[in-house]
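Structural description and commentary
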Amino acid sequence: MTAPAQSGPAAPVLEAVDLHVEIPLPMGQLKAVRGVSLSVGAGEAVGLVGESGCGKSITLRALLGLLPVPARVTGGALLLDGVDVLGMAERRRQRALTDAISMVFQDSLTALNPVMRVGDQIAEVPRRRLGMSKAEAHARAIDLMDQVGIPEPEQRYRAYPHQLSGGMRQRICIAIAMSTEPRVILADEPTTALDVTIQAQVLAVIDKLRVERELGLVLVSHDLAVVSQTCSRIYVMYAGRVVEAGQSLPLLTRSEHPYTDALLRSVPDPDATVERLASIPGQPPMLVDVPPGCAFAPRCTFARDVCTADPNPPELEPVSVGGSHTTACVRHQDIDLASGAVSAFVAEKEA
Amino acid sequence: MTTLPAPLPTFDASTIRKRSGERNITLYAGLTLFALIVLAAVFAPLLTSADPLQQNLLQARLAPGSPGHLLGTDDLGRDVLSRILYGARVDLRVGVLAVVTPLVIGSILGLLCGWWGRWFDTIVMRLVDIVVAFPFYVLVIALVFALGQGTKSIYIAISAVGWVAYCRIVRGQVLVAKEQEYALAARASGLPTWRILLRHLLPNVILQAIVYAMSDIVLSILAIVTLSYLGLGVAPPSPEWGSMIAEGQNSLLTQWYLATIPGLCVVVVGLALALIADGLVNQFNKR
Amino acid sequence: MQYALYVVRRLLTLVPVLLGITFVVFLLLKLIPGDPAVTLLGVHATPASVAELHKQMGLDKPLYQQYLSFLGHALQGNLGVSYQYRGVSVSSLVFGNLAPTLWLIVVGMFFAIVITVPLAMISANKPGSATDGAVRAIPLIGIGLPSFWVGVMLILLLGLKVKILPVSGFGEGFTGHVQHIILPALTIALAQLPILIRSLRASMLEVLVSDYIVTAKAKGLSRSRVMFGHALRNAGVASVTVLGVNLAYLIGSTVAVEKVFALNGVGFEMYNAILGRDLPVVQAITLIFAVLVVMVNLLTDLAHAALDPRVRLG
Ligand SMILES: Nc1ncnc2c1ncn2[C@@H]1O[C@H](COP(=O)(O)OP(=O)(O)OP(=O)(O)O)[C@@H](O)[C@H]1O
Ligand code: SF4
Ligand SMILES: [Mg+2]
């Protein structure tokens, strides 16, 4: 594996500042993303983890500028090379974002057009947007298929999505994502739907491309093991907010937020593929009427009155002065989370 | 709706009931409109004093808005409004009644096909294939032709063709429903089959069929109107919308309204029933 | 190759359906009250001559033999002799009138698609907009439209008030046919719109929220490429089946529509045969129409398989 370690923070390619996304529903506004700030630089891999429904996918779609209807960005800024794109006219913003960013989805079967040959789907951007001739676009598609490790690309070119295995399909999706020559890739649980053995291969392909092409990568995953191996920095999300962020190793070994800690404890079985995080007792809050203060309080064993005294959710603050490790737990200085279970998990990972 | 991530916020039942009450304007608009039409047909004698059959050549070809004849008179001097109202009685009655038999027969067959399957299902589905191979109108026309003109033949013909749709709908629903937990539980508890079918499955699968029945009423009204237009339906001189259109077509240039008004009536009935059907779908989706 | 296999499999399913259809049409004869021989010869015929005719018509044989000989004749294109026009063979009567009906169906279908696609696309593109509201009202208002009445209204508006199009007959030569078919075909198309618009709009809406549309948008493709290249193709696949079912219904409404426009197709011929109580002709046309529907369903399935690789490749 390539080394995740990274020293001085380069200027971010893509940065979200205090991003808010709301979804109007019959029973009220669902506040899916409530002030998320994150950034990714060239060649950098950052992870986004959190329970199901905490807003990871919606955050990614907001970064891409393609939110599902009827969700809308209701606040914050989205900076591409330091320039805010949210102020741009829709067409220009769309252009700017899709030129710079590509996305890989969890379910490759639904992410591919079922009635179009996979090769044509890869060749579409070279042909329609990069102005290549039919033959050139075909050659480019074959080349991309080769790069993502698809054997016999000439034959696979003519296949339809449902004729390929899950691993092959996800490689096709990666090839499509690469076809726009992006600078950032957003990967939404790209391996969750795959067999364990295939998972590692597909991740390796993504990581190889990241290093070779200096791509920024935002990797969403349920799987802390995956994230800790690939990403140099991690954002932990809960109920639409980032509750802890920092370099992978310190964040995982010396977690400063009870939610992250609970996440780490609930990873006893590295082979289980589904819903590892569900073992934290209780339910995340409904994001229509968000409770005051720390949203994790009802499930948190360390919760005290101070946690919900301020109606606003707690802001991220540095764990130590000047450090990049931040947490949104108001009691982080009073509590000690360095538990044996966490150390054991990390030790296992390192081994 | 395949990719909605869990967990969706759980709905509070009380707010839903409140909101669905506010929102199902479609259903109430449809029901109101249909009720008005039915009332107008039922109370036709109170709404107009004119006899729909009374000819009066001195008062023929009056334009709509003439004194005493709100919608004018036709070539023979008959009052158009009263012919429309009395015509509604015929078309609505036949339209609604013609749906009842297919609904009952089709649902029962569909229930049995879905539940039993095997040879019974095979035979019935082959029959369905054959019936749907005929264009609806053509088979109905041919049957009415063979059985002889009149409303009784229309009932028989529409029933002979119409059951197919209900059979397919209910069968499909049963195939899904019988694998669901409540049905499995009922089966496991050793209840007699008829009880499982009638008490547990039917209420769950019939909704779809009833929604379809709403648009089916429109379909059968269209069939009667078409048959009458072709001279196979209700025998003249009884007032009926389809034959009124046929008669009106002869004086289209001089009296455009004679053919126009009855057609509009069919459209309005269709609108009312379409609203009801859509409203029912909304209602069930909310549950 | 796989497609050819699919076609063969699909063709084989036609056999039982066609047998069933011919049997139903054969039974029509049996439904008619009274003795066909008496109908033909008149009430004053002697029992001997009635018996003779029974023998000639094969009515003295058991039912299944009668059916087999009906089927055998039908397969040879022999559909009997018209009652109305003595001595004229039914098949010449029917096949001679097939052209206007086929024109009507094909052109009507063409109009329906040409009107439906843009309306459904505009509507699904901005759900909830005023345009969408207007398009969604079409199915509600249109469901109760009697097709023949639409025809009468078109005659009134486009044929008589604004005299731009002929309102009856089939005209002479190709251009004549084209001119004469416009109003009837438009009639048929308008009567189809409610269901077509509703189904295409619904499938467009479903398709537009799917992941592969997000993929297509994320590629930075133009709006029109996303809508036509990706969305319409997929939504069309779902709507083709609806189109087929609807077409069967439409074929049935040609009877009344051809009468409205005095278009001398098989539908109009059926109307004439009904007036003349010409049983063999009614029977033959019922059969022809059913065969048309079976063909349409076949074409629909083949088109569906051609458009959707998941169907043909199993
Ligand atoms: N199209 C939609 N309509 C309504 N609500 C939605 C929609 N998409 C997402 N949501 C809601 O927004 C919130 C965030 O969803 P999101 O998909 O971002 O979660 P996630 O973190 O990606 O979860 P998962 O791990 O299950 O993918 C959830 O409460 C979800 O129910
Ligand atoms: S702020 Fe309070 S409730 Fe929230 S995580 Fe920290 S200790 Fe728990
Ligand atoms: Mg997600």
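Residues numbered from 1 in each chain as written. Chains lettered and ligands numbered in written order. Predicted model: local features only at pLDDT ≥ 70, side-chain atom pairs only at ≥ 80, totals over all residues. Heavy atoms only, no water.

Turning next to the overall build of chain B. Helix and strand counts for chain B stand at 11 helices and 0 strands. Across chain B, helices and strands are ordered from the amino to the carboxyl terminus as α-α-α-α-α-α-α-α-α-α-α. The contacts in chain B between residues at least 6 apart in sequence include a share of 71% that link residues at least 24 apart. Counting every atom, chain B has about 13400 Å² of accessible surface; 65% of that belongs to carbon and sulfur. (Helix = DSSP H or I, 4+ residues; strand = E, 2+ residues; numbered from the N terminus. Contact = heavy atoms within 4.5 Å. Areas by Shrake-Rupley, 256 points an atom, 1.4 Å probe, with all protein chains shown as cover.)

Glancing now at the side chain of serine 123 of chain C. All names here are of chain C. Examined against the element boundaries, serine 123 turns out to sit in helix 7 (residues 98-125). Residue classification places serine 123 among the buried positions, given a relative accessible area of 0%. Of the polar contacts made by the side chain of serine 123, one reaches the side chain of arginine 201; its length is 2.9 Å. With residues up to four places along the chain from it excluded, the contact list for serine 123 reads Asp132, Val135 and Arg201. (Buried < 20%, exposed > 50% of the residue type's maximum accessible area, 1.4 Å probe, protein only. Polar contact = N/O pair within 3.5 Å; in protein donor to acceptor, adjacent residues only side chain to side chain.)

Bringing the nonpolar core into the picture now. Core analysis: the biggest nonpolar cluster contains 160 residues, and Ile141 and Tyr229 of chain B together with Ile21, Met270 and Phe289 of chain C have the highest contact counts within it. Broken down by element, the residue count for this core peaks at 19 residues, all from helix 9 (residues 193-229) of chain B. Counting 102 residues, the second-largest nonpolar core is a separate cluster that includes Ile58, Met145, Ile150 and Ala177 of chain A. (Core = buried A, V, L, I, M, F, W, Y, C linked by side-chain atoms within 4.5 Å.)

Time to look at the packing of aromatic side chains. Under the defined criterion, the tally for this structure stands at 14 aromatic pairs over all chains. Taken together, Phe23, Phe26, Tyr67 and Phe70 of chain C form an aromatic cluster joined through their ring pairs. The residue whose ring lies beneath lysine 259 of chain C is tyrosine 229 of chain B, and the NZ or CZ to ring-centre distance is 4.3 Å. (Phe/Tyr/Trp six-rings, centres within 6.5 Å; stacked < 30°, edge-to-face > 60°. Lys NZ or Arg CZ within 6 Å of the ring centre and 35° of its normal.)

In this section: the confidence of the model for chain A. All names here are of chain A. In this model, chain A carries an average pLDDT of 84, and 89% of its residues clear a pLDDT of 70 or more. Across chain A, the element-wise mean pLDDT spans from 49 in helix 13 (residues 340-350) up to 94 in strand 8 (residues 216-220). In this model residues 272-278 is a low-confidence stretch, pLDDT under 50, and it forms 16 contacts with partners more than four residues away in sequence or in other chains. Predicted confidence is poor over residues 340-344, with pLDDT under 50, and the contacts of this stretch with residues over four places away or in other chains come to 5 contacts. (pLDDT = per-residue confidence, 0-100.)

Here the focus is the sheet that holds strand 2 (residues 28-41) of chain A. Residue and element names in this part refer to chain A. One open sheet accounts for 4 strands, arranged 2-1-4-5; its pairing is antiparallel. The open sheet is flanked by strand 2 and strand 5 (83-84), the only strands paired with a single partner. Bridge count for strand 1 (residues 12-25) against strand 4 (residues 72-80) is 7 bridges, and the pairing is antiparallel. Bridge pairing links glutamate 15 to leucine 79 in strand 4. (Pairing = 2+ DSSP bridges.)

This paragraph deals with the pairing of strand 4 of chain A. Residue and element names in this part refer to chain A. Inspection of the sheet shows strand 4 paired to strand 5 by 2 bridges, in the antiparallel sense. Pairing of leucine 79 across the sheet is with aspartate 84, part of strand 5. What sits between the antiparallel neighbours strand 4 and strand 5 is a turn of 2 residues, in which aspartate 81 has the positive phi angle 55 degrees.

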